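The residues making up each chain are set out below.
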Amino acid sequence: MLSSLDLWVEYILRFSHLVAGISWIGSSFYFIWLDSAFEPPEEPRHNVDGEAFMVHGGFYYQVDKRKIYPGEIPKNLHWFKWEATLTFITGFLLFGYLYFLNDASLLINKQVLDISQFQAIGLSLALITMSWFIYDFIYHPRLMKNKTISNILALVLSCFLIYGATFLFSGRGAFIIVGVIYGTCMLLNVWIRILPNQAKMLNDAENGKVPDYSLGLKSKARSVHNTYFIFPVLFIMLSNHYPSIYNHELSWLMLMLIMVSGAMTRQAMITKNPKEKLLVLPAAVGILALVFITSKKDQIKETNLEELSYNDISSIVANRCLSCHAANNTDDVFNEAQKGVILETEELLLSHKDKIIKQVSSKAMPLANKTQMTKEERAKLLRYMQQ
Ligand code: HEC
C-alpha cells in the first residue's frame, strides 16, 4: 500500500512538472520563433515595429510587435508567468520528494563526501540560493557594465559549479542540483528581473508617462538568458534515467559539453545570419564527443572466465542487493522492495536481467554503493547476467 502511494505521489508530481514545463518551454520557443519571424509592416502603421502572419488550426493570425504608450493600453494583456511558476513549484516539490526524503540517499554518496541527510539538504539549499545571488550580480546592469566579462565569468563559474557539485553529491545528485539551480535562476529572472520592469512600464503608460524602454531591454536580456538555460535543464531532467551518464567519471565534462552545445544550438535556432546557422556543426561535434566519452567503460580483468552458475553469484546478491530488494528488506531506510524489484531467487533475478545489467554496469546500484560492492563482484555479477 505504502509503496504504491509513494509511486503515485512521485508520478503525479512528475506528470504535473512535465505538463507545466511543456507549457513554459513551449511558450518560450514560440516567442523565440516569433521574435525572429517579425518583419517590418508592409504598410507602415502607427506604433507597429514588426508584424507576423501565421496559420494554425484552420485560422489565420496576425501578431504585431509594438510598444505601449499612454492612451494605447490594451484592455486585456496576457502575461506569461504562471507556466514558469508552476513548473518551478512542481519541480521543487519533486526534487524535495525524491532527493531530500529517504535519508537523502539519492543525493549523497558517502564515498564522495560523508554527510548526513540534513547537511546534504542544507548544502543544496545554500548552493541554490548563493548561485542566484552570484548570477544576478554578474549580470547586474549597473554593477557589471562589460557584457563580455559577465559572459566569461558566467561560463567559468558555471563550469566550476558543475565540476564542484561532483565533489559534494552523488552523480545523480550533482546533476539535479545544477538543474535546480538553473531552473531557480530562470524563475527568479521572471519574477525579479522581467515582470517588475514590465509592470513599471505599464504603470507609467497608465499614468500618462512615456515608459522608459531601456527597462524593456533589461528584461529582454534576462529573458534571453532563460532561453540559454533550456537545453542544459532538459538534458539534466532526462539524464536521471541514465545512470551511465550521471555516474560516469567524466559526467561533469558531459554536462559542460551539453551546456556549450546547447547554447550554440539555441543561437543557430534564432539567428537570421546563415553563417551563424553553421553553429549547429560544432554543437553536433560536442554531442558526438558525449557519445564517445560514454562508450569508454571501466575495464575489469577477471582471470578465471569459466561459465558461472547461480551459486557463484547468489552470495553477492544476498550481501549487496537484498537489503533493499527483498520481500522483507533489512535496510534502515528502504523498508520495502525498491521499485518492486525483488531479487531473492534465480528466477526473479533473471526476470530483471536487462535492468540489472543497466543499473550495475553504470554503478547506479547498489544505491550509493551503500553495501560496498567491490569491482570484482560487480564484474562477476555482470558476467553472470550477460552470459
Ligand atoms: C541501499 C539500498 C539499495 C541497495 C543495496 C540496492 N538497491 Fe537497487 N534500488 C534502490 C532504490 C532506492 C531504487 C529506486 C531508484 C530510483 O528511484 O531510481 C532501486 C532500483 C533498482 C532497480 C530498478 C531500476 C528501475 O529503473 O526500474 C534495479 C534493477 C535494482 N535496483 C537492482 C539492484 C541490484 C542488482 C543491487 C545489488 C547489486 C541493488 N539494486 C542494490 C535501492 C537499493
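Right above here is the structure, for reference.
Everything numeric here is computed off the predicted structure, so don't read it as measured data.

**Q** Help me out: how do you make sense of the overall build of the protein in this one?
**A** Secondary structure assignment for the protein yields 14 helices and two strands. C-alpha atoms of the protein, sized along the principal axes, occupy 85 × 50 × 45 Å. Considering only contacts in the protein between residues 6 or more positions apart, those separated by 24 or more positions represent 65%. Accessible surface for the protein amounts to roughly 22,600 Å². Of this, 64% is attributable to carbon and sulfur atoms. Measuring between centres, the 36 positive side-chain charges of the protein sit 8 Å from its 33 negative side-chain charges.

**Q** Before we go on, may I ask you to explain the coordination of the iron atom of the ligand in this structure?
**A** When four donors bind a metal tetrahedrally, each ideal donor-metal-donor angle is 109.5 degrees, and when six bind octahedrally, the ideal angles are 90 or 180 degrees. The coordination sphere of the iron atom of the ligand, as far as protein atoms go, consists of His325 (NE2) and Met365 (SD), spread over 2.0 to 2.2 Å. Accessibility expressed as a relative area gives 26% for Met365, which makes it partly exposed.

**Q** Is there a simple way to explain the side chain of Thr85 in this structure?
**A** Tracing the sequence through the fold places Thr85 in helix 2 (residues 82-100). Not counting chain neighbours up to four residues away, the residues in contact with Thr85 comprise Leu187 and Trp191.

**Q** Would you explain the site of the ligand in this entry?
**A** Taken together, 22 residues lie near the ligand, and Arg172, Cys321, Cys324, His325 and Met365 sit nearest. Within the side chain of Arg172, a nitrogen or oxygen atom sits 3.1 Å from an oxygen atom of the ligand. With four residues, the top contributor of residues to the shell around the ligand is helix 13 (residues 353-361).

**Q** Please explain the nonpolar core as it appears in this structure.
**A** Inside soluble globular proteins, nonpolar side chains tend to come together where they are buried. Counting residues in each nonpolar core, the largest one holds 54 residues, and the members touching the most others are Phe95, Tyr99, Leu107, Ile177, Val178, Ile181 and Tyr182. Element by element, the count of residues in this core is highest for helix 5 (residues 171-206), at 13 residues. When residues no more than four places from it in sequence are discounted, the contact partners of Val178 are Leu161, Ile162, Ala165, Ile236 and Leu255. In this structure, Cys321, Val341, Val360 and Leu381 belong to the second largest nonpolar core, which totals 19 residues.

**Q** Any chance you could explain the pattern of salt bridges here in plain terms?
**A** Pairs can form between side chains of opposite charge whenever their charged atoms are close. This structure, assessed with the given rule, holds 15 salt bridges. Here Lys67 and Asp49 are joined by a salt bridge, their closest N and O atoms 3.5 Å apart. With Lys67 in the loop between strand 2 (59-65) and helix 2 and Asp49 in the loop between helix 1 (2-37) and strand 1 (50-56), this residue pair connects regions lying 18 residues apart in the sequence. Using a relative accessible area of 29% as the deciding quantity, one classes Lys67 as partly exposed. We classify Asp49 as partly exposed; its relative accessible area is 43%. In this structure, Lys370 and Asp331 form a salt bridge, with 3.0 Å as the shortest nitrogen-oxygen distance. Here the residue Lys370 occupies a position in the loop between helix 13 and helix 14 (375-386), and Asp331 occupies one in the loop between helix 11 (310-320) and helix 12 (346-351), the gap between them amounting to 39 residues. Under the relative-accessibility criterion, Asp331 is labelled buried at 11%.

**Q** Honestly, the packing of aromatic side chains in this entry has me stumped. Any pointers?
**A** Given two aromatic rings, their pairing is described by the distance between the two centres and the angle made by the two planes. Enumeration according to the criterion identifies 19 aromatic pairs in this entry. Grouped by ring-pair contacts, the aromatic residues Phe88, Phe92, Phe95, Tyr99 and Phe100 constitute a single cluster. In this structure, Lys81 packs its charged tip against the face of Trp79, placed 5.4 Å from the ring centre. Directly above the aromatic system of Tyr242 lies the positively charged group of Lys358, at a separation of 5.8 Å from the ring centroid.

**Q** For this particular structure, what's the right way to read the packing of helix 3 (residues 117-138) against helix 5?
**A** When two helices pack together, you describe them by how their axes are tilted relative to each other and by the distance separating the axes. Contact geometry for helix 3 and helix 5: axes closest at 9 Å, N-to-C directions at 50°. Our classification of the angle between helix 3 and helix 5 gives oblique. The element helix 3 and its partner helix 5 pack so that their crossing is right-handed. Residues Ser124, Leu127, Ile128, Ser131, Trp132, Tyr135 and Asp136 of helix 3 form the contact with helix 5, whose participating residues are Ile177, Val180, Ile181, Thr184, Cys185, Leu188, Asn189, Ile192 and Arg193. Of the residues in the contact of helix 3 with helix 5, the class split is 10 nonpolar, four polar and two charged.

**Q** How should the pairing of strand 2 be read in this particular structure?
**A** Along any regular strand the residues' side chains alternate between the sheet's two faces. Where strand 1 lies against strand 2, seven bridges are found, and the strand directions are antiparallel. Bridged to Glu51 within strand 2 is Asp64. Adjacent in sequence and paired antiparallel, strand 1 and strand 2 are bridged by two residues, among which Gly57 carries a positive phi angle near 55°.

Calculation notes
Residues numbered from 1 in each chain as written. Predicted model: local features only at pLDDT ≥ 70, side-chain atom pairs only at ≥ 80, totals over all residues. Heavy atoms only, no water. Helix = DSSP H or I, 4+ residues; strand = E, 2+ residues; numbered from the N terminus. Contact = heavy atoms within 4.5 Å. Areas by Shrake-Rupley, 256 points an atom, 1.4 Å probe, with all protein chains shown as cover. Lys, Arg positive; Asp, Glu negative; His and termini not counted. Charge placed at Lys NZ, Arg CZ, Asp CG, Glu CD. Donors = N, O, S within 2.8 Å, 3.2 Å for Na, K, Ca; no water. Buried < 20%, exposed > 50% of the residue type's maximum accessible area, 1.4 Å probe, protein only. Near = heavy atom within 4 Å. Polar contact = N/O pair within 3.5 Å; in protein donor to acceptor, adjacent residues only side chain to side chain. Core = buried A, V, L, I, M, F, W, Y, C linked by side-chain atoms within 4.5 Å. Salt bridge = Lys/Arg side-chain N within 4 Å of Asp/Glu carboxyl O. Phe/Tyr/Trp six-rings, centres within 6.5 Å; stacked < 30°, edge-to-face > 60°. Lys NZ or Arg CZ within 6 Å of the ring centre and 35° of its normal. Axes fitted to C-alpha atoms, helices over the stretch in contact; angles between N-to-C directions. Parallel < 35°, antiparallel > 145°, perpendicular 65-115°, else oblique. Left-handed = near helix turned anticlockwise from the far one by under 90°. Nonpolar A, V, L, I, M, F, W, Y, C, P; charged D, E, K, R; others polar. Pairing = 2+ DSSP bridges.

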